[in-house]
Amino acid sequence: MRSTGKGRCEQNDTPHSAARIETQKMETLEAISGRRMYRGRLDERKLEEEVLERLVAAAGWAPSGHNSQPWEFVIVDDDALIERIAEIATANFDNFLATGSHLLQWVRNFLPWLRWSARELEIRGDGIFFERWSRSDWEALGRLKDEEPIRARMIEMFGSRGRPSILIRSAPCLVFTLLDTTRKIPDCSNDTMALTSVGAAMQNFRLAAHDLGVAVHEQSVLYDLPETRAAISGLLRIPGHLEIVGGMRLGYPAEASKSSHSHVRRPANSVTHRNGY
Ligand SMILES: Cc1cc2nc3c(=O)[nH]c(=O)nc-3n(C[C@H](O)[C@H](O)[C@H](O)COP(=O)(O)O)c2cc1C
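Residues numbered from 1 in each chain as written. Predicted model: local features only at pLDDT ≥ 70, side-chain atom pairs only at ≥ 80, totals over all residues. Heavy atoms only, no water.

1. With respect to the pairing of strand β5 (residues 215-218)
We apply this condition: Classification of residues uses two cut-offs on accessible area relative to the type maximum, computed with a 1.4 Å probe and protein chains only: under 20% is buried, over 50% is exposed, and between them is partly exposed. Working definition: helices are DSSP H or I runs of at least four residues, strands are E runs of at least two. Numbering for both runs from the N terminus. Two strands qualify as a pair provided DSSP detects at least 2 bridges between them.
In β5, alternate side chains face the same way, and those of Ala215 and His217 on one face and Val216 and Glu218 on the other are all buried. Direction of pairing for β5 relative to strand β6 (residues 242-251): antiparallel, over a ladder of 4 bridges. Note on β6: the bridge partner recorded for His217 is Arg249.

2. Structural notes on the site of the ligand
Quick reminder of the rule: Whether a residue is near a molecule or strand is decided by its heavy atoms; if any one of them lies within 4 Å of it, the residue is near. For the purposes of these results, a polar contact is taken to be a pair of N or O atoms within 3.5 Å, where, inside protein, one atom must be able to donate a hydrogen and its partner to accept one; residues adjacent in sequence count only when each atom of the pair is a side-chain atom. Under the convention used here, a 1.4 Å probe and the Shrake-Rupley method define accessible areas, while residue burial counts only the protein chains that appear. For this scheme, ten residues count as nonpolar: Ala, Val, Leu, Ile, Met, Phe, Trp, Tyr, Cys and Pro. Four count as charged, namely Asp, Glu, Lys and Arg, and the remainder, Gly too, count as polar.
In the region of the ligand, the neighbouring residues are Arg35, Arg36, Met37, Arg39, Ile128, His217, Glu218, Gln219, Ser220, Tyr223, His263 and Arg265. A distance of 3.0 Å separates an oxygen atom of the ligand from a polar side-chain atom of Arg35. The separation between an oxygen atom of the ligand and a polar main-chain atom of Met37 is 2.8 Å. Notes on the ligand: free accessible area 620 Å², of which the protein chains cover 64%. When its residues are assigned to classes, the shell around the ligand shows 3 nonpolar, 4 polar and 5 charged.

3. Points about the packing of aromatic side chains
Each pair of aromatic rings is reported with the distance of its centres and the angle of its planes. For clarity, the threshold we go by: What counts as a ring pair is set by centres within 6.5 Å for rings of Phe, Tyr and Trp (its six-membered ring), and what kind of pair is set by the plane angle: stacked under 30 degrees, edge-to-face over 60, tilted for all other angles.
Tallied over the entire structure, the rule returns 8 aromatic pairs. Between Trp106 and Phe158 the ring centres are 5.4 Å apart and the planes differ by 85°, which places this aromatic pair in the edge-to-face class. Taken together, the positions of Trp106 in helix α4 (residues 103-110) and Phe158 in helix α7 (residues 148-158) put the pair 52 residues apart, joining distant regions of the chain. When its relative accessible area of 13% is taken as the criterion, Phe158 is described as buried. Three or more aromatic residues joined by ring pairs form one cluster here, namely Phe93, Phe96, Trp106, Phe110, Trp138 and Phe158.

Okay, here's the thing in structure tokens:
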């Protein structure tokens, strides 16, 4: 899959050459289906400038409504800043878990997407395999009427001493994706066009990373709480017209990808409707 020149368009290729279409199709499709979200430890090596430039350039080739390119990226590879970001994100998440009366609902929203074995994951074709707690643990939590017993366990797993936090702290690089609100399409009544455009850029970024052997891990704890977005925007001096819409760790992988997170999808024919739904 790594760039070999194979499948690239030679100048004297005829555009409809069957052989060329075949090789090009193979490389692209393999890259698309072979990309994985990496949840393991990253090597402490920093990413080379040239690699970062190529990732952002690949993102920029995404299509966008009116060619508006409503995206920007903030690369953070300063260790002190990464540490501070990890503190902000996970302290806010601790606070989210420790206060308020949303926790039971949060667990119940989570439950439909949890799978308990690789087999179940494969049959369903969606969701995530959550091996650290059993089904009965989670289901018992979902049945609780009182959220107090849940808090400590949730904080232990997802909070500032949990694995997501450790993974952020030890990352050599974080990248935040920004939506430029001044580049939203004015006559589009909601943000769909801008957001789908940014999504295309993010996927280009991930596919380019896959091509270059760079592991990427989207971590929503970096941006899903409004107070986290506000604090990180302040820390990174992000102007007010730019909204954080994505946050990821990236670097060179330091361990094999966990097999428990199998790569599954719903079959194409189960999501396709022809001539009407
Ligand atoms: C917007 C978005 C947010 C995500 N947030 C997280 C996250 O917080 N933690 C995590 O481990 N994976 C996260 N993921 C990764 C997904 O779980 C993953 O893409 C999905 O399970 C499919 O696996 P694959 O990307 O390896 O094919 C996120 C992915 C996206 C697109």
